[in-house]
Each structure stands twice: as structure tokens, then as C-alpha cells.
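Per-entry structural report
One-letter residues, chain by chain:
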Amino acid sequence: KNEVEQSPQNLTAQEGEFITINCSYSVGISALHWLQQHPGGGIVSLFMLSSGKKKHGRLIATINIQEKHSSLHITASHPRDSAVYICAVSSQGGSEKLVFGKGTKLTVNP
Amino acid sequence: DGGITQSPKYLFRKEGQNVTLSCEQNLNHDAMYWYRQDPGQGLRLIYYSQIVNDFQKGDIAEGYSVSREKKESFPLTVTSAQKNPTAFYLCASSTLTGVPEAFFGQGTRLTVV
């Protein structure tokens, strides 16, 4: 079993829909990251969370440390949001090594 | 502005040649990492370094080598011993103390022909 599991693997939505991507992890973490990868391959860091909730524009990320679960929400989705969204956790223990989920491919149709 | 820079973005090499991917950061981060991504798979750790002149193997280190002569730089060499070198390579850096912080490069897509 992977240490970081994301769901769904693929997600297709219509423009304007509310999107939720989920991430569950099984290890102790110091932080959780949400990343965005566009078709060209470049990765952009969206959020880094260690507790609670963060918001940036139409993006909201939440984390529940007790349940070892995080969600990424996109409100009023737009075709330009189409990308792969990756959850990654920094493991505890001092090395801060990142463990990545396999990603969720989001396609938003106009 | 502080950040992490990978170069080049795209790289083509002939089979059997060694190739070195560059990663530079000006964030004063102690730790740096190299990851590999294959289609349909999550990013996997190749090597990481927490201090200058020291580095550790990750999950898939075979066929790769690294150096950490300066805090800012962590180049990755893909050697001819790597059986399937064509992949997307991502460099990252992070703090080890205080508030956790991690930054990611834009990645290098290596194609071996």
C-alpha cells in the first residue's frame, strides 16, 4: 500500500463546477503539500499545510491531522485548471523527505 | 527572488552517454532532493542530501550519481548504467529546522534516443 493515496485518479468536470480532490496518508508528517503539474511537466507548489485550512484565490486546501486526510477544493472551475494535482507529504524524522501520491488528472471542459 | 532552478527543461541524449542535470537554489535550504517521474507513477526519490559533501541514496539510486560540493547546488548525473533513463526529473529543496518549507524546480524532461 502506498504511503500517500489520492482519489480520484482521474476527474472530468464542466466549467463552473466545484472540484474536490482527496489525499490520505499513513505516516507521521511534518507538512503536506499540494502541487500542480501542467502538461509541459513543470510543477508549481500550491499549498503547504501542517494544520487547518489555507485559501488562495479559488483554491482551498484543508488538512485533518487526526484522520490523516487532506482535501484540495477548486471553486468555479475553469478549463485552465486542467492539470495533474499531486499530494506530497514531508515525513517526520528529520530528513524531510517527500513522499508523493500518484496524482489526480483533472480535466475541466468548457 | 529566492527559488530553485533546474536546467535544461528538455534534454536529449544518445543511449550510452552520461548526462548531468543541474539544480541550483538560493533559498539557503540545507536539504536537496532528486526525484524521477514515469507515466502513471508518483515521483520517486533518487538521491537526497542534507549537508554539503554528504548525500544518501533514495529508493531508485541505481544508475545515478550526485554531488553536493556547494550548499546551493545538487547536480544529478544519469549514467549509462541507468537502464531506462527517459523520464521527468524533479529537483526540490527544503528546510530541516524551524518552519517546514519546500520548494520545487520546474523539472527536466530527459529523452534518451
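Let me begin by describing the structure that accompanies this report. (Residues numbered from 1 in each chain as written. Chains lettered and ligands numbered in written order. Predicted model: local features only at pLDDT ≥ 70, side-chain atom pairs only at ≥ 80, totals over all residues. Heavy atoms only, no water.)

1. Re the interface of chain B and chain A
- If you look at the interface, chain B gives 25 residues, while chain A gives 21 residues.
- Both faces combined, the contact of chain B with chain A buries some 1700 Å², and carbon together with sulfur accounts for 61% of it.
- Counting across the interface, chain B meets chain A through 0 salt bridges.
- If you look at where chain B meets chain A, you find 3 residue pairs in polar contact (both at pLDDT 80 or more).
- Contributions of two or more residues to the side of chain B that touches chain A are made by β4 (31–37), β5 (44–51), β9 (87–94) and β10 (102–104) of chain B.
- Here the side of chain B that touches chain A gets 4 residues from one element, more than from any other, and that element is β9(B).
- Residue classes in the side of chain B that touches chain A are distributed as 13 nonpolar, 9 polar and 3 charged. (Contact = heavy atoms within 4.5 Å. Buried area = accessible area lost by both parts, 1.4 Å probe. Salt bridge = Lys/Arg side-chain N within 4 Å of Asp/Glu carboxyl O. Polar contact = N/O pair within 3.5 Å; in protein donor to acceptor, adjacent residues only side chain to side chain. Helix = DSSP H or I, 4+ residues; strand = E, 2+ residues; numbered from the N terminus. Nonpolar A, V, L, I, M, F, W, Y, C, P; charged D, E, K, R; others polar.)

2. A few points about unusual backbone geometry
- The omega angle of the peptide bond from A:Ser7 to A:Pro8 is -10 degrees, so this bond is cis rather than trans.
- Note that A:Pro8 resides in the loop between β1 (4–7) and β2 (10–14).
- Looking along the chain, the bond that leaves B:Ser7 and enters B:Pro8 is cis, with omega of -10 degrees.
- Structurally, the position occupied by B:Pro8 is in the loop between β1 (4–7) and β2 (10–13).
- Phi at A:Ala76 takes a positive value of approximately 45 degrees, unusual for a residue other than glycine.
- With respect to the helices, strands and loops of the structure, A:Ala76 is situated in the loop between β8 (69–74) and β9 (83–91).
- The class of A:Ala76 is partly exposed, set by a relative accessible area of 44%.
- Of note, the phi angle at B:Asn28 is positive, near 60 degrees, even though the residue is not glycine.
- Secondary-structure assignment places B:Asn28 in the loop between β3 (19–25) and β4. (Buried < 20%, exposed > 50% of the residue type's maximum accessible area, 1.4 Å probe, protein only.)

3. Examining the state of the cysteines
- Scanning the entire structure with this criterion turns up 2 disulfides over all chains.
- Between the sulfur of A:Cys23 and that of A:Cys87 lies a disulfide, 2.0 Å long from S to S. The S-S bond linking A:Cys23 to A:Cys87 shows a torsion near -65 degrees; that makes this disulfide left-handed. Here A:Cys23 is found in strand β3 (residues 19–25), whereas its partner A:Cys87 is found in strand β9, with 64 residues between them in sequence. Assigned by exposure class, A:Cys23 and A:Cys87 land together as buried.
- Covalently, B:Cys23 is tied to B:Cys91 through a disulfide, its sulfur atoms 1.8 Å apart. (Disulfide = S-S within 2.5 Å.)

Geometry only, nothing functional implied.
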